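Now for the letters of each chain:
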Amino acid sequence: MPRLAYLGPEGTFTEEALRLLDPAAERLPCATVSAALNAARKGDADGAVVPLENSIEGAITTTLDEFAWGEPLLINAELLLPVQFSLLARPGTELAHIKRVYTHPAAITQCRAYISRELPDAVVVSAPSTAAAAQEVSLPGSPYDAAIAARIAGEHYGLVELAVDIGDRSDTVTRFVKVSRPQPLPEATGSDRTTLVVFLADDHPGALLEMLTEFSVRGVNLTRIESRPTGDGIGRYFFHFDFEGHVADARVGEAIAGLHRICGEVRFLGSYPRADGVAPRIKRGTADAEFAEAGDWLTRVRAGLA
Ligand SMILES: O=C(O)C(=O)Cc1ccccc1
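Residues numbered from 1 in each chain as written. Predicted model: local features only at pLDDT ≥ 70, side-chain atom pairs only at ≥ 80, totals over all residues. Heavy atoms only, no water.

To continue, consider the overall build of the protein. Broken down by element type, the protein carries ten helices and 15 strands. Seen through its principal axes, the protein has C-alpha atoms that stretch 85 × 45 × 35 Å. For the protein, the residues scored as buried account for 48% of the 306 residues in total. In the protein, once contacts between residues fewer than 6 apart in sequence are set aside, the share between residues at least 24 apart is 74%. Split by element, the accessible area of the protein, about 14,600 Å² in all, is 53% carbon and sulfur. Across the protein, 29 positive and 41 negative side-chain charges occur, with their mean positions spaced 2 Å apart. (Helix = DSSP H or I, 4+ residues; strand = E, 2+ residues; numbered from the N terminus. Buried < 20%, exposed > 50% of the residue type's maximum accessible area, 1.4 Å probe, protein only. Contact = heavy atoms within 4.5 Å. Areas by Shrake-Rupley, 256 points an atom, 1.4 Å probe, with all protein chains shown as cover. Lys, Arg positive; Asp, Glu negative; His and termini not counted. Charge placed at Lys NZ, Arg CZ, Asp CG, Glu CD.)

With domains assigned, the protein is organised as domain 1 (1–83 + 172–183), domain 2 (85–164) and domain 3 (185–306). Taking only C-alpha atoms into account, the centre of domain 2 sits 43 Å from that of domain 3. (Domains from an automatic or database assignment.)

Before going further, it helps to examine the side chain of Ser-129. Counting through the fold element by element, Ser-129 comes out in the loop between β8 (123–126) and α6 (130–138). For Ser-129, a relative accessible area of 1% corresponds to the buried category. From its side chain, Ser-129 meets the backbone nitrogen of Ala-132 in a polar contact 3.0 Å long. For Ser-129, the contacting residues outside a window of four places in its chain are Leu-7, Gly-8, Pro-9, Thr-12 and His-104. (Polar contact = N/O pair within 3.5 Å; in protein donor to acceptor, adjacent residues only side chain to side chain.)

Before going further, it helps to examine the sheet that holds strand β9 (residues 146–149). Pairing within the open sheet is mixed, and its five strands lie in the order β8-β7-β9-β6-β10. A strand with exactly one partner marks an edge of an open sheet, and here the two such strands are β8 and β10 (160–163). For this sheet the average axis-to-axis angle between neighbouring strands, irrespective of direction, equals 35 degrees. Bridge analysis of strand β7 (residues 100–103) against β8 gives four bridges, and the strand direction is parallel. For Val-101, the partnering residue across the bridge sits in β8 and is Val-124. (Pairing = 2+ DSSP bridges. Axes fitted to C-alpha atoms, helices over the stretch in contact; angles between N-to-C directions.)

Here we take up the pattern of salt bridges. Enumeration over the complete set of coordinates arrives at 18 salt bridges. The salt bridge involving Arg-175 is made with Glu-53; its shortest N-O contact spans 2.7 Å. Here Arg-175 is found in strand β11 (residues 173–180), whereas its partner Glu-53 is found in strand β3 (residues 47–54), with 122 residues between them in sequence. For Arg-175, a relative accessible area of 3% translates into the label buried. Where Arg-274 meets Asp-276, a salt bridge forms, and the shortest distance between an N and an O atom there is 2.8 Å. On the basis of relative accessible area, Arg-274 is assigned to the buried category, the value being 11%. Taking the relative accessible area as the measure of exposure, Asp-276 reaches 38% and is therefore partly exposed. Salt bridges sharing partners connect three or more residues here, namely Glu-53, Glu-78, Arg-175, Arg-193, Arg-224, Glu-226 and Asp-242. (Salt bridge = Lys/Arg side-chain N within 4 Å of Asp/Glu carboxyl O.)

This brings us to the UniProt feature "domain: Prephenate dehydratase" (unreviewed entry) in the protein. Here, UniProt's "domain: Prephenate dehydratase" (unreviewed entry) annotation points to residues 3–181. The span residues 3–181 is 32% helix and 32% strand, and its two end C-alpha atoms sit 13 Å from each other. (UniProt positions renumbered as here; feature names shortened; annotations may be inferred.)

Right, let's talk about the pairing of β9 for a bit. Burial along β9 is two-sided: the face carrying Ala-146 and Ile-148 and the face carrying Ala-147 and Ala-149 are both buried. As judged from the four bridges shared by strand β6 (residues 86–89) and β9, these two strands associate in the antiparallel manner. Within β9, the residue paired with Ala-89 across the bridge is Ala-146. Judged from the two bridges that link them, β7 and β9 form a sheet pairing that is parallel. Across the sheet, the residue bridging to Tyr-102 is Ala-147, located in β9.

Structure (structure tokens):
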């Protein structure tokens, strides 16, 4: 039974994602995304489940940066989870008396309209996770009057639900990934995604275009691109890419080998089945058989046989 670290404590959305990804896993709650990933790196856990992006606010930057800098980890599964937020408070609290709200930053950005409409004078403070916020609010001497978290977190920590489904949109989805220390990749399924981090060799006009060209000429469709600061000064960035396909696919392998040739460093972060099951549209000339046939043709040309 694998042991999986996750952003805890009990009752986070990440825990819900973990339970869906691996119902049999033993769960190791951690205080932060970094702590969960380090537990996987050090071997305290076999892997970790962390949030990567959501459909409103985009990337969870702590996760992106951890993947780029720490000891290498490989993503081996992803999950798309619809999330619903509740306003939770100690029994007896009235909406009118809520002055301090505690929750995870991703929940703050996804409940902006509700907060400004219903709690215009409340101070909203960032918590390590939604469940950590609910746990804190449940303490009798807590400086916070309410938490925004999953309904299940309210049940777990003995809070009452003052409002349900308070997200700005009811169709918000968060994408979670399961990672582990480097190990054999999941097999290609025909509906896969690959994730990479790329550092430039040097800054020059067209550097981004050159990277994109490696994908474009091989018919590889990007599903996410993000630039993140390297920390070496203003204007210094590295890049995160998600794209369709598995590294076992010829077009994907050739594209990332191309990036390896022209970039400073390419960190491979895994090929894994897509949660939505969408299969890529293969552009003419980019199927495995066409790459193989072109390779055979080149061999004949080089042998003076063509
Ligand atoms: O804090 C949590 O419960 C998390 O798992 C992170 C998060 C927060 C808000 C939306 C999705 C995930």
